[in-house]
Amino acid sequence: MSFRCESSSLADYLAESEWIDYRHPSILAIAEELHNQSVDETAFIQSAFEFVRDRISHSWDIQSTRITCKATDVLAYKEGICYAKSNLLCAILRSQGIPAGYCYQRLTLGDTPETGYVIHALNAVYLQSADRWIRLDARGNKPGINAQFSLEEERLAFPIREHYEELDYPIIYVMPHTKTIDALQQHSDCRTMYLHGLPAEL
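On a predicted model such as this, the values are computed, not experimentally measured, just so you know.

Caption draft 1: Looking closely at the sheet that holds strand β6 (residues 132-136). Reading across the sheet, the four strands line up as β6-β5-β4-β7 and stay open at both edges, with antiparallel pairing between neighbours. Looking at strand neighbours, the two that pair on one side only are β6 and β7 (167-168), the edges of this open sheet. With respect to the sheet, helix α4 (residues 82-95) is in contact with β4 (100-108) and β5 (117-127), its orientation differing from that of β5 by roughly 10 degrees.

Structure, rendered in structure tokens:
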């Protein structure tokens, strides 16, 4: 599937925002640590991805009630759902001059369409050395989910099942979609939000 950028300017994919607050000292510290340990751009992107994937818990997996949203909160509490974790990965990458954006999938909430649908967030990252975008899903692995860093074939958390009317949205967004931010801001209990308060479509 081909994807298209919401903006034609790579500079837009380096912007800071309320949710991508990458000039905060805590974001800069971890980003610079990962960057200093990396031999090149690709290694840094992989390290940042694996840090968010593995060191930041998915709130549903740990059955937490806390809701995080902006990158600094996700880092401070070491948890968040996919919407929040994508904010942190975006912030870490943008802080070091790596253009990053947001992609979305429409998935079944459970294993079949009868359970309803939910929007899932992941990131797109621009590889300047290769002049192309790749998608990375830092949701967090567990039995049945095995997202990996890959420059060739995508290895995302959730392969699209077209027979269930799941789909990839084709746009690489500059900022997190307002529906995802609204979901995080309008709820106070993560478990309730995850089951009943996430958007079903963009």
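Now that the structure has been shown, we can carry on.
Caption draft 2: Summary view of the packing of aromatic side chains. All chains considered together, the criterion is met by four aromatic pairs. Their ring planes at 15 degrees and their centres at 4.8 Å tell us that Trp-60 and Tyr-194 sit as a pair that is stacked. In this pair, Trp-60 sits in the loop between β2 (57-58) and α3 (71-77) while Tyr-194 sits in helix α6 (residues 190-196), placing the two residues 134 residues apart along the sequence. Taken together, the aromatic side chains of Tyr-13, Tyr-126 and Trp-133 make up a single cluster linked through ring pairs.

Caption draft 3: Spotlight on the pattern of salt bridges. Counted under the stated rule, the structure contains eight salt bridges. Here Asp-61 makes a salt bridge to Lys-142, at a shortest N to O gap of 3.2 Å. Taken together, the residues Asp-61 in the loop between β2 and α3 and Lys-142 in the loop between β6 and β7 connect sequence positions 81 residues apart. Since its relative accessible area comes to 32%, Asp-61 is described here as partly exposed. Here Arg-135 ties to Asp-168 by a salt bridge, and the two come within 3.0 Å at their closest N and O atoms. Note that Arg-135 is positioned in strand β6 and Asp-168 in strand β7, a separation of 33 residues in sequence.

Caption draft 4: Region of the structure containing helix α1 (residues 25-36). Relative to the 16 Å expected for twelve residues at 1.5 Å per residue, α1 spans 16 Å between its end C-alpha atoms, a close match to the ideal helical length. Among the residues of α1, those classed as buried are Ile-27, Ile-30, Ala-31 and Leu-34. All buried residues of α1 fall inside an arc of 100 degrees around its axis, so they share one side. Those residues of α1 that are exposed and aimed more than 90 degrees away from the buried face are Pro-25 and Asn-36. At its buried positions, α1 is contacted by α2 (41-55), α3 and α4.

Analysis parameters
- Residues numbered from 1 in each chain as written.
- Predicted model: local features only at pLDDT ≥ 70, side-chain atom pairs only at ≥ 80, totals over all residues.
- Heavy atoms only, no water.
- Pairing = 2+ DSSP bridges.
- Helix = DSSP H or I, 4+ residues; strand = E, 2+ residues; numbered from the N terminus.
- Contact = heavy atoms within 4.5 Å.
- Axes fitted to C-alpha atoms, helices over the stretch in contact; angles between N-to-C directions.
- Phe/Tyr/Trp six-rings, centres within 6.5 Å; stacked < 30°, edge-to-face > 60°.
- Salt bridge = Lys/Arg side-chain N within 4 Å of Asp/Glu carboxyl O.
- Buried < 20%, exposed > 50% of the residue type's maximum accessible area, 1.4 Å probe, protein only.
- Expected span 1.5 Å × (residues − 1).
- Arc of directions from axis to C-beta.

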